[in-house]
There are 12 protein chains.
Amino acid sequence: MAVVKSPLPEPARQVTYDALQSTLVDLLGLSLIGKQAHWNIVGPRFRSVHLQLDEVVAAARGFADTVAERASALGLPPDGRPETIASAFTLPSPKDGWLRDEEVVQVIAETLGAAIGRLRERITATEEADPVTQDLLIGITAELEKQRWMFEAENVTS
Amino acid sequence: MAVVKSPLPEPARQVTYDALQSTLVDLLGLSLIGKQAHWNIVGPRFRSVHLQLDEVVAAARGFADTVAERASALGLPPDGRPETIASAFTLPSPKDGWLRDEEVVQVIAETLGAAIGRLRERITATEEADPVTQDLLIGITAELEKQRWMFEAENVTS
Amino acid sequence: MAVVKSPLPEPARQVTYDALQSTLVDLLGLSLIGKQAHWNIVGPRFRSVHLQLDEVVAAARGFADTVAERASALGLPPDGRPETIASAFTLPSPKDGWLRDEEVVQVIAETLGAAIGRLRERITATEEADPVTQDLLIGITAELEKQRWMFEAENVTS
Amino acid sequence: MAVVKSPLPEPARQVTYDALQSTLVDLLGLSLIGKQAHWNIVGPRFRSVHLQLDEVVAAARGFADTVAERASALGLPPDGRPETIASAFTLPSPKDGWLRDEEVVQVIAETLGAAIGRLRERITATEEADPVTQDLLIGITAELEKQRWMFEAENVTS
Amino acid sequence: MAVVKSPLPEPARQVTYDALQSTLVDLLGLSLIGKQAHWNIVGPRFRSVHLQLDEVVAAARGFADTVAERASALGLPPDGRPETIASAFTLPSPKDGWLRDEEVVQVIAETLGAAIGRLRERITATEEADPVTQDLLIGITAELEKQRWMFEAENVTS
Amino acid sequence: MAVVKSPLPEPARQVTYDALQSTLVDLLGLSLIGKQAHWNIVGPRFRSVHLQLDEVVAAARGFADTVAERASALGLPPDGRPETIASAFTLPSPKDGWLRDEEVVQVIAETLGAAIGRLRERITATEEADPVTQDLLIGITAELEKQRWMFEAENVTS
Amino acid sequence: MAVVKSPLPEPARQVTYDALQSTLVDLLGLSLIGKQAHWNIVGPRFRSVHLQLDEVVAAARGFADTVAERASALGLPPDGRPETIASAFTLPSPKDGWLRDEEVVQVIAETLGAAIGRLRERITATEEADPVTQDLLIGITAELEKQRWMFEAENVTS
Amino acid sequence: MAVVKSPLPEPARQVTYDALQSTLVDLLGLSLIGKQAHWNIVGPRFRSVHLQLDEVVAAARGFADTVAERASALGLPPDGRPETIASAFTLPSPKDGWLRDEEVVQVIAETLGAAIGRLRERITATEEADPVTQDLLIGITAELEKQRWMFEAENVTS
Amino acid sequence: MAVVKSPLPEPARQVTYDALQSTLVDLLGLSLIGKQAHWNIVGPRFRSVHLQLDEVVAAARGFADTVAERASALGLPPDGRPETIASAFTLPSPKDGWLRDEEVVQVIAETLGAAIGRLRERITATEEADPVTQDLLIGITAELEKQRWMFEAENVTS
Amino acid sequence: MAVVKSPLPEPARQVTYDALQSTLVDLLGLSLIGKQAHWNIVGPRFRSVHLQLDEVVAAARGFADTVAERASALGLPPDGRPETIASAFTLPSPKDGWLRDEEVVQVIAETLGAAIGRLRERITATEEADPVTQDLLIGITAELEKQRWMFEAENVTS
Amino acid sequence: MAVVKSPLPEPARQVTYDALQSTLVDLLGLSLIGKQAHWNIVGPRFRSVHLQLDEVVAAARGFADTVAERASALGLPPDGRPETIASAFTLPSPKDGWLRDEEVVQVIAETLGAAIGRLRERITATEEADPVTQDLLIGITAELEKQRWMFEAENVTS
Amino acid sequence: MAVVKSPLPEPARQVTYDALQSTLVDLLGLSLIGKQAHWNIVGPRFRSVHLQLDEVVAAARGFADTVAERASALGLPPDGRPETIASAFTLPSPKDGWLRDEEVVQVIAETLGAAIGRLRERITATEEADPVTQDLLIGITAELEKQRWMFEAENVTS
């Protein structure tokens with residue numbers, strides 16, 4: 001059932017769908033592991049990182065909504081169900097249980113770094129297929145790169 | 001590593017942990033499938049249900065945060081990672097792809113009904129173990145029952 | 001009288017002017033027919049669509065202002081007078097008098113679809129002439145495609 | 001199709017309709033030329049008048065909405081489509097292209113003066129036909145007279 | 001005990017009192033049956049009408065307060081006690097128990113229509129007695145007519 | 001027509017219904033007599049008590065809404081129509097006409113005291129039947145006891 | 001120098017000017033003596049009346065601005081200079097130095113009563129001359145009558 | 001009747017009273033002539049100066065309130081009645097009727113300059129008598145000197 | 001002088017009084033030592049802990065107000081005077097002078113832990129005596145346990 | 001341990017420390033007894049004085065924070081612990097238990113009067129030692145003198 | 001010390017660094033000369049241009065922050081120290097001392113024009129090197145071109 | 001060209017000018033190096049100090065504006081151009097490139113300490129020349145001393 005007509009022709013439609021769907025999975029996964037770290041972090045930098053993680057989660061949730069609604073607007077139903085995220089999400093993640101503050105800072109910096117690398121590939125991939133989607137991905141990348149920098153800067157030790 | 005000391009003795013601690021951890025999984029799963037329906041719904045009642053689902057998601061996210069922080073406050077690290085949700089979440093869920101408005105109303109009413117049934121068991125289970133946690137679960141149940149009623153009421157057809 | 005000097009050389013200036021001026025006409029016309037439908041709609045879905053149309057009008061008015069000020073900023077005086085809109089506006093429009101709700105949903109989806117098609121042509125046309133203007137047109141297209149999806153999704157019938 | 005029953009008998013209905021429909025055209029036209037001047041004004045007083053015009057536009061849009069919904073509430077479908085405005089709007093208007101600030105101040109003062117003259121006639125005309133509509137027209141007149149004074153006061157030159 | 005002196009002479013005082021007291025009863029009754037419908041409505045349009053009714057209730061409560069304080073200001077103690085409303089309120093009302101959405105829309109449109117008819121009589125009656133009170137009644141009528149139109153328009157079926 | 005299924009079995013359902021319905025009547029009646037006193041009070045403490053009464057009314061209205069929606073959520077349609085309140089409301093009330101400030105303080109303190117006594121009985125009655133409803137009644141009691149204290153404290157005379 | 005053209009013909013213009021100018025003097029004087037009492041009041045009701053007086057001052061200042069701008073809008077320059085107020089203001093006023101609370105309540109009630117009497121004459125006088133000005137004076141009267149009632153009600157002693 | 005005890009001994013009390021009472025007169029007079037100019041100004045700079053004058057009025061009113069309450073707090077009843085201002089206010093003032101924009105700018109700059117000169121004398125006079133009052137006068141002077149600069153700067157012509 | 005009648009019989013009244021009065025002392029003491037630490041903390045984590053302490057103080061002040069007003073509402077005058085706090089407050093406290101950040105984190109975690117232990121005893125003690133007071137103590141415990149967790153988590157060192 | 005270097009030399013440092021530390025004790029004590037009176041007051045003026053006391057408490061708390069942070073900024077650790085306040089606070093205070101409203105007004109006026117006398121001595125003492133601290137003490141005195149006036153004015157009886 | 005790893009390879013890194021660093025200097029310089037003109041402007045258009053300049057400064061400061069943080073995010077430490085700006089800033093600037101309003105308008109229009117020309121070169125230069133940075137520079141250009149238009153439009157003289 | 005007349009005579013004018021101009025340079029320089037550190041800081045305390053520096057910058061910018069406008073108000077044109085700051089700014093500053101967090105804390109504490117020393121000299125210098133300016137400098141000193149304390153406190157290491 002293709003109920004919402006797409007303004008994009010094939011093969012641009014498939015390319016754009018792949019970029020949006022995989023970005024959606026990355027962002028939803030990021031929002032979940034951001035909260036996981038927010039709740040389980042311990043150590044002297046607890047409060048500062050605890051608050052910072054909520055900014056990552058807020059950004060990830062907001063972008064996930066925009067990305068999924070963009071897919072729907074192009075006639076491409078997005079998939080953000082629990083089982084889809086569990087099987088498709090492959091970015092570095094924290095382990096179970098309490099997490100030391102320096103572990104958190106390091107793993108989130110890595111997660112963001114990996115997410116950014118994948119986003120940059122999609123920016124290239126969608127340039128021809130749909131410049132509107134490309135513009136959206138550029139905006140997401142800018143914000144995640146700023147967030148990554150802050151964790152990176154915080155990760156430096158004497 | 002048991003880094004945050006618990007104010008609860010055993011076995012109250014284990015009982016409370018089970019109640020909080022399983023509630024966390026239900027709420028995070030609910031927030032994901034609420035968004036899935038929000039994005040994929042079609043039909044004449046699109047706008048009304050589209051907006052209503054965001055209220056369910058907001059409630060689920062807010063309660064998940066409170067539940068997880070309550071677990072941490074009791075020295076019990078919560079687990080809300082993607083793979084945990086995917087394996088532990090068992091409530092009724094919508095299928096992939098576009099969803100007709102009446103399907104959405106029905107499945108969300110069922111999801112909420114199942115979640116409520118499980119919460120009421122946990123209210124009984126925590127009465128002795130920790131009245132502070134019990135009070136929190138009662139509040140969540142009240143809100144989800146109100147949400148369920150609205151979908152039920154909307155589900156009546158001539 | 002060319003009082004505001006243009007930072008753009010010919011022929012880029014003419015290309016950009018054409019894109020902005022025709023977009024301005026489309027948006028002002030859209031804001032007027034959106035209000036026309038807002039006032040004349042009748043039927044069971046009256047209230048829901050009545051409110052939804054005001055969101056279209058607000059978006060159209062906001063974008064019209066930005067587009068016209070962009071033209072002025074490029075030394076190109078925009079033209080949004082009543083007679084200009086009447087003669088240059090060619091998108092599908094509702095008829096005079098009361099309008100049934102399903103008619104409204106269908107015609108507004110068509111109006112938005114036609115507007116998007118024309119905007120995508122202008123995105124291509126301005127790529128060389130002025131990337132700043134192109135970026136603005138991309139943003140407008142993203143929003144109108146989202147609005148179109150909502151009317152499309154609502155237009156699905158059993 | 002006369003779908004909304006009118007609480008007014010004939011001939012009061014026709015008198016009221018004429019007053020509301022012609023006021024609607026004047027206000028929508030005023031909102032369009034207010035924006036036209038807002039965008040195209042040049043000269044030393046650019047910034048001050050640029051801001052002042054947006055207050056005129058906001059007032060005109062707000063009153064147009066109230067007037068059109070009043071017509072619908074009386075069972076009289078209003079007409080605010082582009083072609084209707086273009087053919088029925090007869091108030092003094094700015095010309096195409098850049099506009100000197102003193103020209104703008106003068107023409108808007110004239111537009112407002114002409115609109116007020118027509119409104120005062122309609123206040124008299126609707127006194128018997130529908131006092132509720134008359135009260136609405138009195139409120140619009142008070143505001144437009146205040147706006148006109150400000151342009152008049154600004155129009156005084158040494 | 002006539003503690004607050006009235007600025008109105010007889011018989012204007014009695015005429016004005018009758019208009020205000022009967023309007024107070026209508027508005028308090030309207031606020032109660034609006035809530036009754038808000039709580040008991042069922043059916044596919046549940047959410048939309050549920051919200052719309054709260055706007056009617058808010059308007060009715062606000063106007064009731066203004067009307068009663070106007071009476072006190074004129075030295076005429078208003079009466080809004082439960083038994084007074086029960087005996088004096090005669091507008092069409094919903095029955096006990098669950099209410100179908102189309103029933104609600106129809107009965108509230110009728111209630112508002114009847115209230116408006118009575119208000120228009122009072123506008124005539126108070127013209128001589130107290131123009132300040134008349135002006136207040138005109139404002140209430142304008143708002144209730146707008147509300148009625150929305151329920152009327154919504155009440156049209158294929 | 002039992003359209004909303006109840007999550008409560010008999011006889012818990014009837015017990016809970018009785019508690020909620022009688023609380024609803026008490027709160028709606030309280031909101032009406034609070035306004036009656038707000039409008040008719042005279043004497044040196046006029047302004048202070050006039051404002052204080054609006055806080056009572058606001059609390060009563062808010063709780064009435066929560067109580068009625070709780071009933072609906074349990075499949076039990078609430079009844080707040082004028083005739084129901086008039087026949088079922090039995091708390092102490094002010095008389096008709098102007099009211100001296102010390103009379104107002106005394107009667108409202110009595111009304112609140114009586115309402116609290118009845119609420120405490122319902123807290124006991126619903127402990128087994130529905131702990132969620134009991135929790136709601138406890139919250140209402142806490143607020144009304146605070147309000148009563150303020151009127152009591154104010155009622156002390158030399 | 002008649003720089004702002006008047007939309008009113010003679011003699012309507014003079015009638016309207018007299019009504020607006022004398023209202024302006026009354027309101028500015030009222031704002032000054034309201035503050036005088038606000039600063040000099042003493043006695044057990046100090047705080048309550050101290051706050052109440054600021055509401056009178058705020059209303060008087062706001063209306064004075066509206067009245068004076070209405071005069072300017074009609075081409076009639078208003079006069080609110082200190083010497084004009086001192087010579088033209090004739091309403092009852094408080095004496096110099098500390099003021100007992102019951103004195104303040106009485107004199108302000110008298111001032112408001114006198115101001116209202118004069119406003120009602122002007123409402124009659126402007127009915128033919130300018131219905132827009134009449135509508136404004138009616139609104140001011142309604143507010144001052146409400147304020148007067150509150151001081152009257154407070155002035156009653158056992 | 002010396003009802004509020006003064007924390008200041010003689011002769012400091014008299015010195016402070018003179019400084020506060022004369023400042024009160026200057027500020028209330030300034031607030032009145034600021035409004036007079038606000039209403040009667042005409043000319044090309046109408047809007048800009050019209051708005052600027054309201055900032056002077058707001059500052060003058062706020063400081064007048066602080067100064068008068070400071071006098072009361074020191075047991076010295078302030079006098080701000082119309083006749084007192086009329087006889088004691090001696091700063092440069094605008095004439096009656098319409099005022100050209102350049103006249104307004106010049107006279108307000110002069111008024112502020114004269115007010116500042118008098119305030120600086122009072123700063124010296126109160127240094128010993130009451131440093132708290134001196135601090136208040138310093139704050140008023142700083143603000144009025146800033147306002148004066150803006151009118152001075154605007155008064156420069158080619 | 002027993003001026004406010006208590007709704008509680010003996011011995012419930014004495015039990016409840018003891019619980020509320022000792023909680024009041026703990027909370028007021030906590031607000032004072034929270035500020036003491038807020039002002040005297042030094043070390044690398046200064047800023048983060050400095051801010052966190054103000055959240056503890058805000059919570060303690062808010063709860064103290066609720067607890068004391070609850071006592072008054074039950075006819076039991078609370079005692080929060082300086083000498084009472086000094087003699088009755090026994091929770092762990094910081095010493096005089098500058099405080100190292102790790103000392104602050106540790107002592108506040110201990111203070112909160114001790115306060116929680118005492119609150120849990122009072123929850124048990126008031127279950128029979130007054131469930132409304134018990135519900136209030138449960139809410140305070142939940143918040144203090146959350147605050148304690150944050151200091152505990154921050155107290156973990158490598 | 002003198003961790004924060006002082007910008008003040010001896011003996012100015014000691015003089016300033018004495019002034020700040022004794023002011024801190026007075027303000028914290030004032031905030032505690034203000035709340036004590038807020039909770040225990042009874043009588044006809046209950047509500048008015050109950051609210052007024054919270055303004056005193058808010059001012060005292062805000063100034064205490066500023067004073068203590070000023071001490072820290074000068075390298076002088078402030079001391080606001082319970083035992084310090086209890087031993088060093090010597091201003092007039094209310095007794096234990098319920099308090100009549102006129103007693104409260106009188107004792108708070110006395111407390112404020114005594115605090116002001118001590119502050120004026122410290123203004124003199126710090127003039128040479130640290131003008132920045134002197135400026136802060138002047139601001140506190142101005143506010144407390146205003147508060148004292150209000151209680152004094154309210155304390156006047158026939 | 002290369003502490004933050006760069007996601008960009010050479011030579012893209014150097015190209016991007018040059019673009020960001022030179023833009024930072026232009027923006028910081030622009031913010032300083034915008035303030036210089038804001039403080040020193042005189043003439044009839046003082047107020048209008050005085051306010052307009054603060055919008056330029058706010059934009060320049062906001063963009064400078066974004067640009068510098070973008071550099072850091074790419075592992076490239078930005079340099080905005082006073083000596084760097086003084087030596088590297090080459091855009092047209094106002095002279096020392098008072099500035100006539102028309103001089104200010106002209107020089108700021110020139111400054112903005114020059115800044116825009118340099119930004120457009122950097123847009124071309126970064127297209128290959130880093131599209132995310134390019135997108136940021138496009139946004140800055142759009143805003144500065146809009147600001148320039150306003151000064152240009154204001155610069156037109158008869 | 002001495003366009004704005006000065007209310008100060010010589011030599012007070014020159015003394016005041018020197019104090020204001022040198023303070024302006026210190027504050028603008030402080031705002032630039034504060035941002036420099038904000039962008040280039042690295043290390044475990046990154047986020048906390050990153051945020052704290054923005055508070056220093058905001059304070060410095062706000063005070064710079066007040067100081068420069070005070071100079072203009074006294075007829076003394078201030079100079080804040082890039083070259084002026086570069087040559088006149090002599091406070092301790094951070095070096096180029098990445099900065100370790102402990103370096104940042106130390107250098108900013110030193111910069112603030114040096115700025116405060118210079119401000120205290122100017123407080124003495126302006127006491128006779130202009131007490132209004134002195135009052136402004138006292139306020140700036142108070143704020144910078146508070147900021148310095150926070151960096152000092154944070155600078156303490158084990």
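Residues numbered from 1 in each chain as written. Chains lettered and ligands numbered in written order. Predicted model: local features only at pLDDT ≥ 70, side-chain atom pairs only at ≥ 80, totals over all residues. Heavy atoms only, no water.

Chain A goes by DNA starvation/stationary phase protection protein in an unreviewed UniProt entry, where it is assigned to Streptomyces antibioticus. Under Sequence similarities (unreviewed entry), UniProt gives the following word-for-word description of chain A: "Belongs to the Dps family." (UniProt positions renumbered as here; feature names shortened; annotations may be inferred.)

### A closer look at the relation of the copies chain H and chain G
For the match of chain H to chain G, the screw axis carries a shift of 0.1 Å, the RMSD comes to 0.1 Å, and the turn is 180 degrees. Both copies are brought into coincidence by an operation consistent with a two-fold rotation axis. No C-alpha of chain H lies nearer the rotation axis than that of Ala86(H), which sits 2.9 Å from it. With an isologous cut-off of 70% or more, the 100% of interface residues of chain H that recur at the interface of chain G puts this contact in the isologous class. (Least-squares fit on C-alpha atoms with pLDDT ≥ 70 in both. Contact = heavy atoms within 4.5 Å.)

### Quick notes on the interface of chain B and chain A
Opposite the 39 residues of chain B that make contact, chain A presents 39 residues. Together chain B and chain A conceal approximately 3,100 Å² of surface at their shared face, both sides included; 66% is due to carbon and sulfur atoms. For the chain B face of the interface with chain A, the top three residues by lost area are Trp39(B), Pro82(B) and Trp98(B), together amounting to 26%. Where chain B touches chain A, the interface holds 2 salt bridges. Where Lys35(B) meets Asp65(A), a salt bridge forms, and the shortest distance between an N and an O atom there is 2.8 Å. Counting across the interface, chain B meets chain A through 14 residue pairs in polar contact (both at pLDDT 80 or more). Elements with a contribution of two residues or more to the side of chain B that touches chain A: α1 (12-40), α2 (46-73) and α3 (82-88) of chain B. If you tally residues by element for the side of chain B that touches chain A, the top one is α1(B), at 10 residues. Per-class residue counts for the side of chain B that touches chain A are 21 nonpolar, 9 polar and 9 charged. (Buried area = accessible area lost by both parts, 1.4 Å probe. Salt bridge = Lys/Arg side-chain N within 4 Å of Asp/Glu carboxyl O. Polar contact = N/O pair within 3.5 Å; in protein donor to acceptor, adjacent residues only side chain to side chain. Helix = DSSP H or I, 4+ residues; strand = E, 2+ residues; numbered from the N terminus. Nonpolar A, V, L, I, M, F, W, Y, C, P; charged D, E, K, R; others polar.)

### As for the relation of the copies chain B and chain A
Least-squares fitting of chain B to chain A yields an RMSD of 0.1 Å, with the transformation described by 0.1 Å of translation along the axis and a rotation of 180 degrees. Interface overlap between copies is the fraction of interface residues in one copy that are interface residues in the other; for chain B against chain A it reaches 100%, indicating a shared surface.

### Some remarks on unusual backbone geometry
Cis geometry marks the peptide bond from Glu10(B) to Pro11(B); its omega dihedral reads 5 degrees. Mapping Pro11(B) onto the fold places it in the segment before α1.

### Overview of the pattern of salt bridges
Per the counting criterion, the structure on display carries 188 salt bridges over all chains. Across the pair Arg81(E) and Glu83(E) runs a salt bridge whose closest N-O atoms are separated by 3.3 Å. Assessed through its relative accessible area of 13%, Arg81(E) is described here as buried. Two residues, Asp130(E) and Arg120(G), come together in a salt bridge whose shortest N-O distance is 3.2 Å. Linking Asp130(E) in the loop between α4 (101-129) and α5 (131-155) with Arg120(G) in helix α4 (residues 101-129), this pair reaches from one chain into another. We classify Asp130(E) as buried; its relative accessible area is 0%. Connected via shared salt-bridge partners are Arg70(A), Asp130(A), Arg120(C) and Glu145(C). (Buried < 20%, exposed > 50% of the residue type's maximum accessible area, 1.4 Å probe, protein only.)

### Examining the UniProt feature "domain: Ferritin/DPS" (unreviewed entry) in chain A
Within the UniProt annotation, "domain: Ferritin/DPS" (unreviewed entry) is assigned to residues 18-153 of chain A. For residues 18-153 of chain A, helix accounts for 81% and strand for 3%, while the C-alpha atoms at its two ends are 33 Å apart.

### Thoughts on the side chain of Arg47(E)
Here Arg47(E) shows up in helix α2 (residues 46-73). A polar contact of 2.9 Å, which involves the side chain of Arg47(E), links it to the side chain of Glu55(B). Those residues in contact with Arg47(E) that lie beyond four places of it in its chain are Ser48(B), Leu51(B), Gln52(B), Glu55(B) and Glu154(B).

### Regarding a negative patch on the surface
Taken together, the side chains of Glu127(A), Glu128(A), Glu127(C), Glu128(C), Glu127(K) and Glu128(K) present a region of like negative charge at the surface. Elements with a minimum of two residues in the negative patch: α4 (101-129) of chain A, α4 (101-129) of chain C together with α4 (101-129) of chain K. Inspection of the secondary structure puts Glu128(A) in helix α4. (Patch = residues over 30% accessible without salt bridge, like charges linked within 9 Å, V, L, I, M, F, W, Y side chains within 5 Å. Areas by Shrake-Rupley, 256 points an atom, 1.4 Å probe, with all protein chains shown as cover. Lys, Arg positive; Asp, Glu negative; His and termini not counted. Charge placed at Lys NZ, Arg CZ, Asp CG, Glu CD.)

### Section: the packing of helix α5 (residues 131-155) of chain B against α2(E)
In the contact formed by α5(B) and α2(E), the axes pass within 9 Å of each other and the chain directions differ by 115 degrees. Only Phe46(E), Arg47(E) and His50(E) of α2(E) make contact with α5(B), whose side of the interface consists of Trp149(B), Met150(B), Ala153(B) and Glu154(B). Of the residues in the contact of α5(B) with α2(E), the class split is 4 nonpolar, 1 polar and 2 charged. (Axes fitted to C-alpha atoms, helices over the stretch in contact; angles between N-to-C directions.)

### Some points on helix α5 (residues 131-155) of chain J
Here α5(J) contains 25 residues, and its C-alpha end-to-end distance of 35 Å stays within 8% of the 36 Å for a straight helix at 1.5 Å per residue. Counted residue by residue, α5(J) has 18 buried out of 25 residues, so it is predominantly covered. (Expected span 1.5 Å × (residues − 1).)

### Remarks on the environment of His50(C)
Positionally, His50(C) belongs in helix α2 (residues 46-73). Between the C-alpha atom of His50(C) and that of Leu32(C), which follows or precedes it by 18 residues, the distance is 14 Å. When sequence neighbours within four positions are dropped, the list of residues in contact with His50(C) reads His38(C), Ile41(C), Glu69(D), Trp149(E) and Met150(E).

### What to know about the interface of chain H and chain G
At the interface, 39 residues of chain H touch 39 residues of chain G. Summed over both sides, the interface between chain H and chain G buries roughly 3,100 Å², with carbon and sulfur atoms accounting for 66% of that surface. The largest share of the area that chain H buries against chain G comes from Trp39(H), Pro82(H) and Trp98(H), three residues that together contribute 25% of it. At the junction of chain H and chain G, the tally comes to 2 salt bridges. One can count 14 residue pairs in polar contact (both at pLDDT 80 or more) joining chain H with chain G. Elements supplying a minimum of two residues to the side of chain H that touches chain G: α1 (12-40), α2 (46-73) and α3 (82-88) of chain H. Sorting elements by how many residues they give to the side of chain H that touches chain G places α1(H) first, with 10 residues. Counted by class, the side of chain H that touches chain G contains 21 nonpolar, 9 polar and 9 charged residues.

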